[in-house]
Amino acid sequence: MSKTHTRAQVSPCRNVLGIFLVLCGSLLAASATGSSGRGASAAKPPPRIEVDLDAFDASKKSMALPNGESLAYIDRGERTGPAVVLIHGYTDNARDWVPMLPYLSKRYRLILVDIRGHGQSSKPECCYTRLDFAYDIKLLLDALGVQKADIVGHSLGSIIAQTFAEYWPERTAHVVLISSTGGLPPGRPKKPPQFDFAAEIRKLKEPIEADSPFMIAWWDSPTPVDPDFIRRQRKDAAGIPLRVWLAVLDQALPANNIYGDLQNSLPRLKAPTLLIWGSKDPIMEEDVRQSLREALPNAKVKTFDGLGHNPFWEDPRSVAEVINAFLSTPD
């Protein structure tokens, strides 16, 4: 979820969770200071959802992969057009991309996945490293007969997209990383987090209540979003087993070496790359954006002024237009 609170309200976390998991932290910070991210824009109507959500959910298929996992996905658009894989973030699902779908070019074949542990995909006891996630995508493309694709990811999904492009460059045409990170640079002043977000997640008990204060905070947005869309997202996130929440928390990236882990492999990313952020993203703050820009000096960069962590929910048309233009360039 996007948050538009100031840097002062969101303190840096000491581990990887502060990079891509603190999706509810800004709301908690706002509550502590007596402000509401949603209230500032209450008068603005949410972008209209142009896709039938029931039909979208019903169109999901499942693919059994050679590694024993089953990946749920939606395959839509021009079947003979360039393939574009869309990878969502932590506790999300393929529906994440619905607000932007009507504005993406009709010439694309869009492949929207539920990453392992999420949505309707299998939920194994292990494993949930970024390479595990990326390998599932590779196996799905193998099964679909897609030899090369544009890879688009958001937040944790952007790290999965980055990993796919690093390990399978011959299968990657373009890369779009939305709300991504190059890791926390060494030498940044160490500050205790204002809130221990890992602890908040570890306090969860099953069954997770979709309408609990925690889940409402987790799915809050500083700009209006269609309430039915958010309700469905929150319900699906609550349906993810707690053991999966915790496995992703523990395994997705090394808590003590996120910068080194990401930076060591980023030189492998050779595909044309577009970096997208919202200027008010409180999760991917400027220092972790800068570390990614420095690691990918040839990447194109687009920052949307005033938007938060989910710019493609907040201004889906504008974000889609930037992506369409980028993907139309030669790879």
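Residues numbered from 1 in each chain as written. Predicted model: local features only at pLDDT ≥ 70, side-chain atom pairs only at ≥ 80, totals over all residues. Heavy atoms only, no water.

Caption draft 1: Local environment of the nonpolar core. By size, the foremost hydrophobic cluster in this structure holds 94 residues, and its most contacted members are Leu101 and Trp245. Counting residues per element, this core draws most heavily on helix H4 (residues 130–144), at 7 residues. Once residues lying within four places of it in the same chain are set aside, the contact partners of Trp245 are Tyr90, Thr91, Ile201, Leu204, Ile208, Phe214, Met215, Trp218, Ala237 and Ile240. (Core = buried A, V, L, I, M, F, W, Y, C linked by side-chain atoms within 4.5 Å. Buried < 20%, exposed > 50% of the residue type's maximum accessible area, 1.4 Å probe, protein only. Helix = DSSP H or I, 4+ residues; strand = E, 2+ residues; numbered from the N terminus. Contact = heavy atoms within 4.5 Å.)

Caption draft 2: Quick peek at the packing of aromatic side chains. By the definition in use, this model includes 12 aromatic pairs. Ring geometry for Phe164 against Trp168: centres 5.6 Å apart, planes inclined by 40 degrees, an arrangement best described as tilted. Under the relative-accessibility criterion, Phe164 is labelled buried at 1%. Assessed through its relative accessible area of 13%, Trp168 is described here as buried. Plain terms: the ring middles of Phe214 and Trp245 are 6.2 Å apart, the flat faces sit at 55 degrees to each other, and that makes the pair tilted. Taken together, the residues span a long stretch of sequence, with Phe214 in helix H7 (residues 213–218) and Trp245 in helix H9 (residues 242–251) at a distance of 31 residues. (Phe/Tyr/Trp six-rings, centres within 6.5 Å; stacked < 30°, edge-to-face > 60°.)

Caption draft 3: Seen up close, the sheet that holds strand S2 (residues 70–77). With mixed pairing, 8 strands are arranged side by side in an open sheet as S1-S2-S4-S3-S5-S6-S7-S8. At either end of the open sheet lies a strand with only one pairing partner, and these are strand S1 (61–64) and strand S8 (300–304). Pairwise comparison of adjacent strand axes, ignoring direction, gives a mean angle of 25 degrees for this sheet. Across 5 bridges, the pairing between strand S3 (residues 83–87) and strand S5 (residues 149–154) is parallel. Opposite Ile87, over in S5, you have Gly153 as the bridge partner. Here helix H11 (residues 286–295) sits on the sheet and contacts strand S6 (172–178), strand S7 (273–278) and S8; the angle it forms with S7, its principal contact strand, is near 170 degrees. (Pairing = 2+ DSSP bridges. Axes fitted to C-alpha atoms, helices over the stretch in contact; angles between N-to-C directions.)

Caption draft 4: Molecular detail of the environment of Ile49. Its place among the elements puts Ile49 in the loop between helix H2 (25–33) and helix H3 (53–58). Setting aside residues up to four positions removed in sequence, Ile49 forms contacts with Val98, Pro99, Asp226 and Phe229.

Caption draft 5: Region of the structure containing the packing of H4 against helix H5 (residues 156–167). Running from N to C, H4 and H5 cross one another at 65 degrees; their axes reach a closest spacing of 8 Å. When the interaxial angle is binned, H4 and H5 end up roughly perpendicular. The crossing of H4 and H5 is right-handed. Of H5, the residues touching H4 (which contributes Arg130, Leu131, Phe133, Ala134, Ile137, Lys138 and Leu141) are Ile159, Ile160, Gln162, Thr163, Phe164, Glu166 and Tyr167. (Parallel < 35°, antiparallel > 145°, perpendicular 65-115°, else oblique. Left-handed = near helix turned anticlockwise from the far one by under 90°.)

Caption draft 6: How the structure looks around the pattern of salt bridges. Under the counting rule described, the total for this entry stands at 19 salt bridges. Put simply, Arg202 and Asp250 hold a salt bridge, and the shortest N to O gap is 2.6 Å. In this pair, Arg202 is assigned in helix H6 (residues 197–202) and Asp250 in helix H9, connecting sequence segments 48 residues apart. The class for Arg202 is partly exposed, based on a relative accessible area of 44%. The salt bridge involving Glu286 is made with Arg293; its shortest N-O contact spans 2.2 Å. The class for Glu286 is partly exposed, based on a relative accessible area of 34%. Salt bridges sharing common partners tie together Asp54, Asp57, Arg95, Asp228, Arg231, Arg232 and Asp236. (Salt bridge = Lys/Arg side-chain N within 4 Å of Asp/Glu carboxyl O.)

Caption draft 7: Geometry of unusual backbone geometry. Here the amide bond leading from Cys126 into Cys127 is cis, since omega sits at 15 degrees, within 30 degrees of zero. Take Cys127: it is sitting in the loop between strand S4 (109–113) and H4. In the segment running from Glu206 into Pro207, the intervening peptide bond is cis, with an omega of -5 degrees. Mapping Pro207 onto the fold places it in the loop between H6 and H7. Of note in the backbone geometry, Ser179 takes a positive phi value of approximately 55 degrees without being a glycine. In this structure, Ser179 sits in the loop between S6 and H6.

Caption draft 8: Looking closely at the pairing of S5. Burial runs high along S5: 6 of the 6 residues are buried. Residues Ala149, Ile151 and Gly153 point to one face of S5 and Asp150, Val152 and His154 to the other, with burial holding for every one of them. As judged from the 5 bridges shared by S5 and S6, these two strands associate in the parallel manner. Within S6, the residue paired with Gly153 across the bridge is Leu177.

Caption draft 9: Representation of the side chain of Arg232 in the model. Relative to the helices and strands, Arg232 resides in helix H8 (residues 227–238). Only 3.2 Å separates the side chain of Arg232 from the side chain of Asp57, close enough to count as a polar contact. (Polar contact = N/O pair within 3.5 Å; in protein donor to acceptor, adjacent residues only side chain to side chain.)

Caption draft 10: Local environment of the pairing of S1. Two elements, S1 and S2, share 4 bridges in a ladder whose sense is antiparallel. Within the sheet, the bridge partner assigned to Met63 lies in S2 and is Leu71. Adjacent in sequence and paired antiparallel, S1 and S2 are bridged by 5 residues, among which Gly68 carries a positive phi angle near 95 degrees.

That's the geometry; what it means functionally is another story.
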